[in-house]
Amino acid sequence: MPTEESLDNRIQAAVAAAEDAFWEAIARRFPECKTGDLSPGTTFKLRAACTEAVQEWTSVNR
């Protein structure tokens, strides 16, 4: 069984991969947007919300 530390690392890696896939899908739908700029605050909130969702999901579905 994975340790909590390795679970945290797996969650962070999964969230990072999911964010990449999310922005790829968004960029395909909005080709007129030429950069990927987003404010640091919004970037932080998005990462935090995704991380919280995955933490809950992994906790509830074990």
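Presented here is a report on the structure given in the accompanying data block. (Residues numbered from 1 in each chain as written. Predicted model: local features only at pLDDT ≥ 70, side-chain atom pairs only at ≥ 80, totals over all residues. Heavy atoms only, no water.)

**Topic: the overall build of the protein**
Check the secondary structure of the protein and you find two helices and zero strands. Radius of gyration (C-alpha) of the protein: 14 Å, far over the 11 Å computed for a compact globule of 62 residues. For the protein, the C-alpha atoms occupy an extent of roughly 45 × 20 × 15 Å along the three principal directions. Within the protein, the proportion of its 62 residues that are buried is 10%. Carbon together with sulfur atoms contributes 61% to the accessible area of the protein, which is approximately 5,200 Å² in total. For the protein, the distance from the average position of its 7 positive side-chain charges to the average position of its 10 negative side-chain charges is 6 Å. (Helix = DSSP H or I, 4+ residues; strand = E, 2+ residues; numbered from the N terminus. Rg over C-alpha atoms; globule rule 2.2 N^0.38 Å. Buried < 20%, exposed > 50% of the residue type's maximum accessible area, 1.4 Å probe, protein only. Areas by Shrake-Rupley, 256 points an atom, 1.4 Å probe, with all protein chains shown as cover. Lys, Arg positive; Asp, Glu negative; His and termini not counted. Charge placed at Lys NZ, Arg CZ, Asp CG, Glu CD.)

**Some thoughts on the packing of aromatic side chains**
Counted according to the given criterion, the structure contains one aromatic pair. Seen from their ring centres, Phe 22 and Trp 23 are 4.8 Å apart, and the 75° between their planes marks the pair as edge-to-face. On the accessibility criterion, Phe 22 (40% relative accessible area) is partly exposed. Note on Trp 23: relative accessible area 38%, which makes it partly exposed. (Phe/Tyr/Trp six-rings, centres within 6.5 Å; stacked < 30°, edge-to-face > 60°.)

**Quick notes on the side chain of Glu 19**
Secondary-structure assignment places Glu 19 in helix 1 (residues 4-29). Among all residues touching Glu 19, those that are not within four sequence positions of it are Leu 46 and Arg 47. (Contact = heavy atoms within 4.5 Å.)

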